[in-house]
Amino acid sequence: MSKNIIIHGLIAGIIVSFLMLFSVNYYSHCKGDVDYSTSMLIGYASMLIAFSLVFVGIRNYRDQYNHGVISFGKTFQVGIMIVLIASTIYVIAWLIDYFFFIPDFMDKYSAHMLDKLKASGASQIEIDKQTKEMASWGKMYKNPFYNAMMTYMEILPVGLIVTLVSSLILKRKTAKN
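Residues numbered from 1 in each chain as written. Predicted model: local features only at pLDDT ≥ 70, side-chain atom pairs only at ≥ 80, totals over all residues. Heavy atoms only, no water.

Looking at this structure, I do not really get the environment of L160. What am I missing?
With respect to the secondary-structure elements, L160 resides in helix α7 (residues 144–170). Sequence separation of L160 and L84 is 76 residues, and the distance between their C-alpha atoms is 9.6 Å. Each residue touching L160, except ones within four places of it in the same chain, is listed here: F76 and I80. (Helix = DSSP H or I, 4+ residues; strand = E, 2+ residues; numbered from the N terminus. Contact = heavy atoms within 4.5 Å.)

Right, dumping it as structure tokens:
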């Protein structure tokens with residue numbers, strides 16, 4: 001079981017990390033022709049693509065190692081382990097990218113959000129409040145532990161949903177003939 005989990009987790013982690021790094025670095029940060037909302041959409045789509053390996057990994061485990069039978073609990077266990085491996089690779093990739101290559105990401109993102117707020121016609125009080133809040137977030141984001149926890153909170157819910165759906169679809173009480 002562990003070989004199956006590790007292989008699918010590593011592949012999913014590499015896929016989601018590569019797509020995230022490409023999206024953030026090339027489209028949003030360096031080239032700048034894709035806005036943050038579109039980049040975020042690309043990011044969540046890449047998570048779904050990568051987490052398709054949760055389905056594949058559970059099915060592989062059920063059919064190859066468990067003789068076609070698997071409980072919901074076991075499917076969930078296999079799926080969540082794949083998600084944790086992939087998510088950890090994603091978090092590590094983001095931390096390396098953020099701290100070594102794009103340390104000004106939060107500054108640019110904050111400026112983008114404040115420009116968007118100003119364009120919406122917000123009051124100066126609201127803009128000042130948002131400026132303070134963004135400065136506070138930027139300061140906290142420089143802490144690697146906080147940064148990692150926020151990044152896990154970005155990817156783990158997607159993996160949890162994919163695991164639940166995959167577990168419901170793939171559970172099987174008796175072997176097919």
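Even after reading the chapter, I still don't get the side chain of S166, so can you show me in this structure?
By the element assignment, S166 lies in helix α7. Residue classification places S166 among the buried residues on the basis of a relative accessible area of 4%. Reaching out from S166, the side chain makes a polar contact with the backbone oxygen of V162 at a distance of 2.8 Å. Not counting the four nearest positions on each side in its chain, S166 is found in contact with V54, F55 and I58. (Buried < 20%, exposed > 50% of the residue type's maximum accessible area, 1.4 Å probe, protein only. Polar contact = N/O pair within 3.5 Å; in protein donor to acceptor, adjacent residues only side chain to side chain.)

What should I look at first to understand the packing of helix α2 (residues 36–50) against α7 in this one?
Two numbers describe a pair of packed helices, the interaxial angle and the distance between the axes. It is at 10 Å that the axes of α2 and α7 come closest, and there the two elements cross at 40 degrees. As the angle between them shows, α2 and α7 are arranged oblique. Here the hand of the crossing between α2 and α7 comes out right-handed. Where α2 abuts α7, its residues Y44, M47 and L48 lie against E154, I155, V158 and V162. For the contact of α2 with α7, the class distribution of residues is six nonpolar, no polar and one charged. (Axes fitted to C-alpha atoms, helices over the stretch in contact; angles between N-to-C directions. Parallel < 35°, antiparallel > 145°, perpendicular 65-115°, else oblique. Left-handed = near helix turned anticlockwise from the far one by under 90°. Nonpolar A, V, L, I, M, F, W, Y, C, P; charged D, E, K, R; others polar.)

I would appreciate a short explanation of the environment of S39 in the present structure.
If you trace the backbone, S39 turns up in helix α2. A residue is classified by how much of its surface remains accessible, and S39, at 8% relative accessible area, is buried. Linking S39 and K108, residues 69 residues apart in sequence, is a C-alpha distance of 14 Å.

Quick question: what am I supposed to make of unusual backbone geometry here?
Phi is mostly negative for residues that are not glycine, and the peptide bonds are mostly trans. The backbone of H67 sits at a positive phi, close to 55 degrees, despite the residue not being glycine. Structurally, the position occupied by H67 is in the loop between α3 (52–65) and α4 (72–101).

Can you walk me through α2 in this structure?
Between the first and last C-alpha of α2 there are 21 Å, a value that for 15 residues agrees with the 21 Å anticipated at 1.5 Å per step. Every buried residue of α2 is listed here: Y36, S39, G43, S46, M47 and A50. Down the axis of α2, the smallest arc covering the buried residues is 105 degrees, so these residues share one side. Residues of α2 that are exposed and point over 90 degrees away from its buried face: L41, L48 and I49. (Expected span 1.5 Å × (residues − 1). Arc of directions from axis to C-beta.)

Would you mind showing me how to read a nonpolar patch on the surface here?
On the surface, F72, L160, L164 and L168 cluster together to form a nonpolar patch covering roughly 330 Å² of accessible area. Looking at which element gives the most residues to the nonpolar patch, the answer is α7, with three residues. Along the chain, L164 falls in helix α7. Among the residues examined, L164 registers a relative accessible area of 35% and is labelled partly exposed. (Patch = residues over 30% accessible without salt bridge, like charges linked within 9 Å, V, L, I, M, F, W, Y side chains within 5 Å. Areas by Shrake-Rupley, 256 points an atom, 1.4 Å probe, with all protein chains shown as cover. Salt bridge = Lys/Arg side-chain N within 4 Å of Asp/Glu carboxyl O.)

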